[in-house]
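Architecture at a glance
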Amino acid sequence: MKKKIAIITGITGQDGSYLAELLLKKKYIVHGLKRRSSLFNTERIDHLMLDRNIFQNKNFFLHHADMTDSSSINYLISKIKPDEIYNLAAQSHVAVSFEQPEYTANSDALGPLRILEAIKNLNLIKKTKFYQASTSELYGNSDKKFQDETTKFSPSSPYATAKLYAHWTTINYRESYGIFAVNGILFNHESPRRGETFVSRKIIIGLTKIKLGLQDYMTIGNLEASRDWGHAIDYVEMMWKMLQQKTPEDFVISTGKTYTVRQFINYACKYLSIKILWQGEGLNEYCIDRSTGKKIIVVDKKHFRPNEVHYLRGRSKQAQKKLKWKPKYNFKKIIEEMVDSELKRFK
Ligand code: NAP
Ligand code: GDD
């Protein structure tokens, strides 16, 4: 059988690296798009590049391209003529989007538009399926206890407004031109490969270093923000499944459970056998290690955002029914895997 060909934008990121592994296991030919950087940025996929089987079989290719650069995107899509495109590339940090709103809009809103235009203009409408990395950030501060495919969007950051444009553009190209284009509305998903400035990985790195005596304390922002935390390995499988459906449809992927940043810290400390005590309030709150009496976590207002999304909790009934969605990881297992991985790295 002829091998399927996929393009993954954002292949050097957390999700891109896991998705590349999954597609290679499924015998795809994978073309990854990476942007140029002054230092190597392929740490998460180096193991694939070094795998002789993958490279010798000519199953895995990397190309330079940027979501802000139509010519590189058009050129690669016209040359590769993929069966599937997974658009995972984005300026994906919500806090950073307040500092770089224009760049965020260019890469996260116009980037997907550039890909969809290429599919349309290169006569690939019948051939190329498109997956857009949409997000639970679209819901902003929804007043619903659970958010699903029917919940009203209320984006509250430049990141979320850019992603909302991409979300509707994806639907618009599906309805206007018949492109098999879908949005995966994914809630937060983490892993040992999570970027180091997202709160989960930041907490785990900080606490592990504190435990090993490599750092005295760490700073943190809003402890009460509540997120529906899943594992990236579970979530990339759903991206693939969405493109294998008979008809294109958008899906919410979430665990249905929500935990605060404080609960995340509490469980990570428990797993690391650090006995803690929270003291103070609001911006004066901190956490001490009971065994030493020293402050190990301090709230710092520099980590607060101009606008915060306080509560996210997804409901994935459609995905459970149609994609057979059933996550293998739960909240505790994610934290345990992340801690174990960090302990191994620092020891
Ligand atoms: P990530 O680790 O931050 O990876 C983002 C990827 O995009 C990286 O490969 C990055 O390259 C690349 N990139 C950024 N700007 C680019 C540009 N202008 N041109 C080309 N490539 C660019 O993000 P992730 O956690 O894997 O998330 C994947 C996608 O899902 C993102 O679109 C994100 O917004 C969305 N999403 C994520 C979550 C989540 O919880 N993880 C939830 C919902 C939606 P470098 O490696 O060079 O930085
Ligand atoms: N990054 C960070 N750093 N966040 C902190 C900190 C801190 O020191 N302290 C508290 N937080 C809070 C944030 O204010 C937010 O409410 C929550 O922790 C999670 O922050 P992040 O881990 O940065 O993720 P996010 O929820 O803003 O965005 C992630 O998930 C979205 C899906 O809901 C990103 O992966 C987005 O790309 C994704 O779309």
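Before any of the text, the structure's been laid out above.
Attention in this report is confined to the structure presented alongside it. (Residues numbered from 1 in each chain as written. Chains lettered and ligands numbered in written order. Predicted model: local features only at pLDDT ≥ 70, side-chain atom pairs only at ≥ 80, totals over all residues. Heavy atoms only, no water.)

Phi at Lys81 is positive, roughly 45°, even though this residue is not glycine. Its location among the elements puts Lys81 in the loop between helix H4 (70-80) and strand S4 (84-87). Positive phi, close to 55°, is recorded for Ser273, a residue that is not glycine. Along the chain, Ser273 falls in the loop between helix H10 (261-271) and strand S13 (276-279). Owing to a relative accessible area of 58%, Ser273 belongs among the exposed residues under this scheme. (Helix = DSSP H or I, 4+ residues; strand = E, 2+ residues; numbered from the N terminus. Buried < 20%, exposed > 50% of the residue type's maximum accessible area, 1.4 Å probe, protein only.)

As a further point, take the side chain of Glu137. Mapped onto the fold, Glu137 is located in the loop between strand S5 (129-135) and helix H7 (158-177). Given the relative accessible area of 7%, Glu137 is considered buried.

Let's shift gears to the pattern of salt bridges. This structure, assessed with the given rule, holds 18 salt bridges. Residue Glu137 pairs with Arg227 through a salt bridge whose shortest N-O separation is 3.7 Å. Residue Glu137 is located in the loop between S5 and H7, and its partner Arg227 is located in strand S9 (residues 226-227); the two are separated by 90 residues in the primary sequence. Bridged by salt links that share partners, the residues Glu137, Arg227 and Glu308 form one connected network. (Salt bridge = Lys/Arg side-chain N within 4 Å of Asp/Glu carboxyl O.)

Attention shifts here to the site of ligand 2. Close to ligand 2 lie 24 residues, the nearest being Thr135, Ser136, Tyr159, Arg305 and Glu308. Arg305 has a polar side-chain atom sitting 2.6 Å from an oxygen atom of ligand 2. Protein contacts shield 95% of the accessible area of ligand 2, which totals 720 Å² for the unbound molecule. Looking at the shell around ligand 2, its residues break down into 9 nonpolar, 9 polar and 6 charged. (Near = heavy atom within 4 Å. Polar contact = N/O pair within 3.5 Å; in protein donor to acceptor, adjacent residues only side chain to side chain. Areas by Shrake-Rupley, 256 points an atom, 1.4 Å probe, with all protein chains shown as cover. Nonpolar A, V, L, I, M, F, W, Y, C, P; charged D, E, K, R; others polar.)

Let's shift gears to the packing of aromatic side chains. The full count for this structure, using the stated rule, is 9 aromatic pairs. Judged by centre distance (5.4 Å) and plane angle (40°), the rings of Tyr139 and Phe153 are tilted. You can see Tyr139 sitting in the loop between S5 and H7 and its partner Phe153 sitting in the loop between S5 and H7, a full 14 residues away along the chain. Considered together, Tyr139 and Phe153 belong to a single accessibility category, that of buried residues. With 5.8 Å between their ring centres and 80° between their planes, Phe264 and Phe331 make a pair best called edge-to-face. Linking Phe264 in helix H10 with Phe331 in helix H12 (residues 331-346), this pair joins segments that are 67 residues apart in sequence. For Phe331, a relative accessible area of 8% corresponds to the buried category. Over the aromatic face of Phe198 sits the side chain of Arg194, whose NZ or CZ is 4.0 Å from the ring centroid. (Phe/Tyr/Trp six-rings, centres within 6.5 Å; stacked < 30°, edge-to-face > 60°. Lys NZ or Arg CZ within 6 Å of the ring centre and 35° of its normal.)

A word on the sheet that holds strand S6 (residues 181-186). Read from one edge to the other, the open sheet built from 7 strands follows the order S3-S2-S1-S4-S5-S6-S11, with strand pairing classed as parallel. The outermost strands of the open sheet, each flanked by one partner alone, are strand S3 (60-64) and strand S11 (251-253). Neighbouring strand axes in the sheet, compared pairwise and without regard to direction, differ in orientation by 20° on average. Two strands pair when backbone bridges link them, and strand S1 (residues 5-9) and S4 are joined in this way by 4 bridges, in the parallel orientation. Paired with Ala6 across the bridge in S4 is Glu84. Packed on one face of the sheet, helix H6 (residues 101-121) meets S1, S4, S5 and S6 and runs near 165° to S5. (Pairing = 2+ DSSP bridges. Axes fitted to C-alpha atoms, helices over the stretch in contact; angles between N-to-C directions. Contact = heavy atoms within 4.5 Å.)

This paragraph deals with the sheet that holds S13. Spatially, the 4 strands line up as an open sheet ordered S8-S15-S14-S13, and their pairing is mixed. Bordering the open sheet on either side are strand S8 (218-220) and S13, each of which pairs with just one other strand. Averaged over all pairs of adjacent strands, the angle between strand axes in this sheet comes to 20°, irrespective of strand direction. As paired strands, S13 and strand S14 (residues 286-289) are joined by 4 bridges and run antiparallel to one another. Within S14, the position partnered with Gln279 by the bridge is Tyr286. Each of S8, S13 and strand S15 (295-299) is contacted by H10, which is oriented at about 155° to S13, the strand it contacts most.

So, on to the packing of H6 against H7. For the pair H6 and H7, interaxial distance at closest approach is 8 Å and the crossing angle is 10°. When the axes of H6 and H7 are compared, the pair comes out roughly parallel. Both H6 and H7 take part in a crossing whose hand is right-handed. Where H6 approaches H7, its residues Pro101, Thr104, Ala105, Asp108, Ala109, Leu110, Pro112, Leu113, Leu116, Glu117 and Lys120 are matched on the opposing element by Pro158, Tyr159, Ala162, Lys163, Tyr165, Ala166, Thr169, Thr170, Tyr173 and Tyr177. Residue composition of the contact of H6 with H7, grouped by class: 14 nonpolar, 3 polar and 4 charged. (Parallel < 35°, antiparallel > 145°, perpendicular 65-115°, else oblique. Left-handed = near helix turned anticlockwise from the far one by under 90°.)

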